[in-house]
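Chains, contacts and geometry: an overview
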Amino acid sequence: MRSHLGGALRRADVGAKVTLGGWVHRSRDLGGLVFLTLRDREGVLQVSFNPDWTAPEVITAAAAVGVESVVLIEGTVHERPADQYNPEMATGEVEVRATAIRVVGPAVTPAIPVAVGRDAKPPAEELRLRHRVLDLRRPELQFALILRHRLMQATRSYLSGLGYLELETPILTKPTPEGARDFLVPSRVHAGEFYALPQSPQIYKQLFMCCGFDRYFQLARCFRDEDLRADRQLEFTQIDIEASFIGREDIITMAEGLIRALWAEAGIAVETPFARMSYADAMERYGCDRPDLRYDLAIADLSATFAGSESGIIQSALAAGGRVRGIVIPGGGAWSRKQVDELEAIAKSAGAGGLVRLKSAGGQVEGPLAKFLSPEAQAALGLSDGDLLLAVAGADRISSPALDRVRQECAVRLGLVDPAVRRFLWVLDFPMFDQDPETGALAAVHHPFTSPNADDMAAHPGAPERWRALAYDCVLNGMELGGGSIRTSDPAVQSRMFGLLGIAETSEQERRFGFLLEGLRAGAPPHGGIAFGFDRIAMLLAGATSLRDVIAFPKTTAARALFEGAPSVVPVQDLEELHIRTVTGA
């Protein structure tokens, strides 16, 4: 029905006879002269209806068309007079002089306007999500979803070119060890039994390696029943990759090439190789395992400097095995007490009891604890005039997250966060396990299928809490893009890992992971992989601030799909067929 997309017309198309189809974005009736702004996925275009080239009945019909109605228009492309160019429109140098119009999709008055242009102010997000069909007509969202398509194709092209096979894994699968976060699907045929929607294709992609499909990838749909925020959704897409007969360096090289290809699709050049840092160094210097390296503000261990302090708070923390760690903020000494109090509130929200505050002014160290420090200790702090020191006394598990949050906030206040700078980083050598400080129980830092470092196992056979994992995360500007590991391919070692995690009984291992263990026992090659958050990558490359802007029909932070009205109540008779009865009340 269309010969061209109106939003794609340019001066090179002048003189062409065209048939266009799209939505009426705006209408102006100037008394015999009618101008419509036609919108399609390529953009907007001015269409003019003038008695000099348009029949009177066509002008009358054009004047009656409602906004957001779908029309077919016939006409000829003309250059607009130079004094009528519209620099805000990509089509601003041309217009179509219409000879015919036909309404093929009449529309009711739109519930929300379709905002276009730099001065457009879209309605509140919940209202836009409720009327998502109208919202998705906005050029910003159409650009984001079209870019998402291109990124998908670039992923397929890159990985296929390396010999990876795009294979699908089940959507209805077995509940995972983290069952509380699974979405469960009741079986109608098997009363009282449930499928689960996959949180990840992890076990299946390892089974592909056991089957001999030695290079696998999938744009995998995953589901996780957890609290939502700007960078998290109940259902999400990840670039899932697994390969056999490889080591960590092979995966990292492949992954950097993929990142380079995806950023190139968005017109951005990425330099490789990426910087690397151990987990231990990241936690020591920045307080988190995904540090933003666009700025420094590194954490320093000040325990030796404060060791001679007479402060009871400091001595109590050190006696309990904690440390004093802090950040020097250049120029922070000029901040008001209220501004520093705000930073202390941030530290407290992350678990700290408070902040140690010291500043240098006129060659003197000032602050509540300054009197407890000797002149030598004050000098050892290395503060320049105007500097502010913010420190936390306590265990690393308390000081690290608190100082991480303070560091990020200070960087924003100092204007150090440059959105044009991209600092990619590999974080390596994660601990294999987290250990509960009270019970000593172990939990997998990544997942129980990650391979422990063989050297650590040999050096510390009875201390698994000291083992490092063959795991790696890819980080960009403080945001995790993806993570992976070399897997455990020996069924005996895998069984031991389950035992360390509290799944010691063979029968329980078989019940929960029997199909993986069976695959490993059948002969498994050394293998490993990585998964990237595709929605997050699309969000970054589209310049969006929320995953909801790169997902067609997302959920709100209240886990509701406002356009579809989901979740919704299911009739009792339908629940009975699934052998389910709902329970209300406490």
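For the structure, see preceding data.
Residues numbered from 1 in each chain as written. Predicted model: local features only at pLDDT ≥ 70, side-chain atom pairs only at ≥ 80, totals over all residues. Heavy atoms only, no water.

**Describing the overall build of the protein chain**
Note the following rule: Think of it this way: any DSSP run of H or I at least four residues long counts as a helix, any run of E at least two long counts as a strand, and we number them from the N terminus. With a 1.4 Å probe rolled over the protein chains alone, any residue whose accessible area is under 20% of its type maximum counts as buried; one over 50% counts as exposed, and the rest are partly exposed. Accessible surface area values rest on a Shrake-Rupley calculation with a 1.4 Å probe, where residue burial reflects the displayed protein chains alone. Under this rule, positive means Lys or Arg and negative means Asp or Glu; His and the chain ends count for nothing. Charge placement uses NZ in Lys and CZ in Arg. For Asp and Glu, CG and CD serve respectively.
Summing up its helical and strand segments, the protein chain has 17 helices and 22 strands in all. Projecting the C-alpha coordinates of the protein chain onto the three principal axes gives extents of approximately 95 × 75 × 55 Å. For the protein chain, buried positions account for 44% of its 586 residues. If you sum the accessible surface of the protein chain, you get close to 28,500 Å²; carbon and sulfur atoms cover 52% of it. The protein chain carries 62 positive and 74 negative side-chain charges, and their two centres are separated by 3 Å.

**Concerning unusual backbone geometry**
Going from T272 to P273, the amide bond is cis rather than trans, its omega being 0 degrees. With respect to the element layout, P273 can be found in the loop between α6 (248–265) and β11 (275–278). The backbone of L297 sits at a positive phi, close to 50 degrees, despite the residue not being glycine. Unlike most non-glycine residues, A559 shows phi in positive territory, near 65 degrees. Here A559 shows up in the loop between α16 (534–542) and α17 (572–577).

**A short note on the environment of V71**
Filter applied, for reference: Two residues form a contact once any of their heavy atoms are found within 4.5 Å.
Here V71 is to be found in strand β4 (residues 70–79). Sequence-wise, V71 and P106 are 35 residues apart; in three dimensions their C-alpha atoms are separated by 8.2 Å. With near-sequence residues (within four places) excluded, V71 lies in contact with L20, G21, G22, V24, L38, V65, I101, R102, V103 and V104.

**A word on the environment of Y295**
When you line up the elements, Y295 lands in the loop between α7 (279–286) and β12 (300–301). The spacing of Y295 and G415 is 120 residues in sequence and 9.8 Å in space, taken between C-alpha atoms. Residue contacts for Y295: discarding those within four places in its chain leaves R407, Q408, A411, L416 and V417.

**Quick look at the packing of aromatic side chains**
Let me state the cut-off plainly: Each Phe, Tyr or Trp ring, with Trp reduced to its six-membered ring, pairs with another whose centre is within 6.5 Å; inter-plane angles below 30 degrees give stacked pairs, above 60 give edge-to-face pairs, and intermediate values give tilted ones.
According to the stated counting rule, one finds 13 aromatic pairs in the structure shown. Between Y279 and F430 the ring centres are 5.2 Å apart and the planes differ by 40 degrees, which places this aromatic pair in the tilted class. Here F430 lies in the loop between β17 (424–428) and β18 (433–435) and Y279 lies in helix α7, a separation of 151 residues in the sequence. On the basis of relative accessibility, which here comes to 1%, the residue F430 falls in the buried class. An angle of 45 degrees between the planes, with centres 6.3 Å apart, marks the rings of F433 and W467 as tilted. Placement of F433 in strand β18 and of W467 in the loop between α13 (454–459) and β20 (471–476) is noted, with a sequence separation of 34 residues between them. W467 carries the same exposure label as F433, and that label is buried. Taken together, the ring pairs in this structure connect W263, F274, F424, W426 and Y472 into an aromatic cluster.

**Points about the pattern of salt bridges**
Pairs may arise between side chains of opposite charge once their charged atoms sit close together. To keep things clear, this is the line we draw: Salt-bridge detection follows one rule: a side-chain nitrogen of Lys or Arg within 4 Å of a carboxyl oxygen of Asp or Glu.
Summed over all chains, the structure comprises 37 salt bridges. R138 is the salt-bridge partner of E140, the closest N and O atoms lying 3.7 Å from each other. The network of salt bridges with shared partners includes R128, R132, D135, R138 and E140.

**What about the nonpolar core?**
Keep this limit in mind: Here, the term nonpolar core denotes a set of buried Ala, Val, Leu, Ile, Met, Phe, Trp, Tyr and Cys residues that are joined through side-chain atoms within 4.5 Å.
In terms of nonpolar packing, the biggest core is built from 41 residues, with I239, I241, W263, W426, L481, I530 and F532 touching the most fellow members. Sort the elements by how many residues they give to this core and α6 lands first, with eight residues. Apart from residues no more than four positions distant in its own chain, W263 is found in contact with I268, V270, R422, F424, L476, L481, I537 and L541. Counting 21 residues, the second largest nonpolar core, distinct from the first, contains V18, L45, I59 and V77.

**Some words on the state of the cysteines**
Note: disulfide means a covalent bond formed between the sulfur atoms of two cysteine side chains. Short version of the rule: The disulfide definition used here is simple: a pair of cysteine sulfur atoms within 2.5 Å.
What the rule picks out here adds up to zero disulfides. This cysteine, C474, is not joined by any disulfide, and C288 carries the nearest cysteine sulfur, 14 Å off. For C474, a relative accessible area of 0% gives the class buried.

**Comments concerning the packing of helix α10 (residues 337–349) against helix α12 (residues 396–413)**
Here is the rule: Axis geometry follows a simple rule: fit a line to the C-alpha atoms, using only the stretch in contact for helices, then measure angles between N-to-C directions, giving values from 0 to 180 degrees. Two helices cross in a left-handed way if the nearer one is turned anticlockwise from the farther one by less than a right angle. They cross in a right-handed way if the turn is clockwise.
The N-to-C vectors of α10 and α12 enclose an angle of 145 degrees; their axes lie 8 Å apart at closest approach. With respect to the hand of their crossing, α10 and α12 are arranged in right-handed fashion. The segment α10 lies against α12, with Q339, E342, L343, I346, A347 and S349 engaging A402, R405, V406, E409, C410 and R413.

**Looking at the sheet that holds β11**
Across a sheet, paired strands are connected by hydrogen bonds in the backbone, their directions being either parallel or antiparallel. Short version of the rule: What makes two strands pair is DSSP finding at least two bridges between them.
Taken together, eight strands build an open sheet; the order of strands is β6-β9-β10-β22-β21-β20-β17-β11 and the sheet is mixed. Single-partner strands in this sheet number two, and they are β6 (165–166) and β11. Alignment of strand β10 (residues 235–244) against strand β22 (residues 527–533), held across seven bridges, turns out to be antiparallel. Looking at the pairing, S244 lines up with H527 of β22. Against the sheet, helix α4 (residues 139–161) makes contact with β6, β9 (215–223) and β10, and its axis sits at roughly 150 degrees relative to β9, the strand it touches most. Relative to the sheet, α6 contacts β10, β11, β17, β20, β21 (479–486) and β22, its axis offset from that of β22 by approximately 25 degrees.

**With respect to the sheet that holds strand β16 (residues 388–394)**
A sheet is described by the order of its strands in space; here five strands give the open sequence β12-β13-β16-β14-β15, paired in antiparallel fashion. At either end of the open sheet lies a strand with only one pairing partner, and these are β12 and β15 (364–366). Bridge analysis of β12 against strand β13 (residues 323–329) gives two bridges, and the strand direction is antiparallel. Directly across from D301, in β13, lies its bridge partner R325. Sheet strands in contact with α10 are β14 (356–361) and β16, and its direction is about 145 degrees off that of β14.

**Structural notes on the environment of G75**
Here G75 shows up in strand β4. By relative accessible area, which is 7% here, G75 ends up buried. Here the alpha-carbon distance between G75 and V96, two residues 21 residues apart in the chain, equals 5.9 Å. Setting aside anything within four residues of it in sequence, one finds G75 in contact with A16, K17, V18, V96, R97, A98 and T99.

Geometric descriptors of this kind do not, in isolation, establish any biological role.
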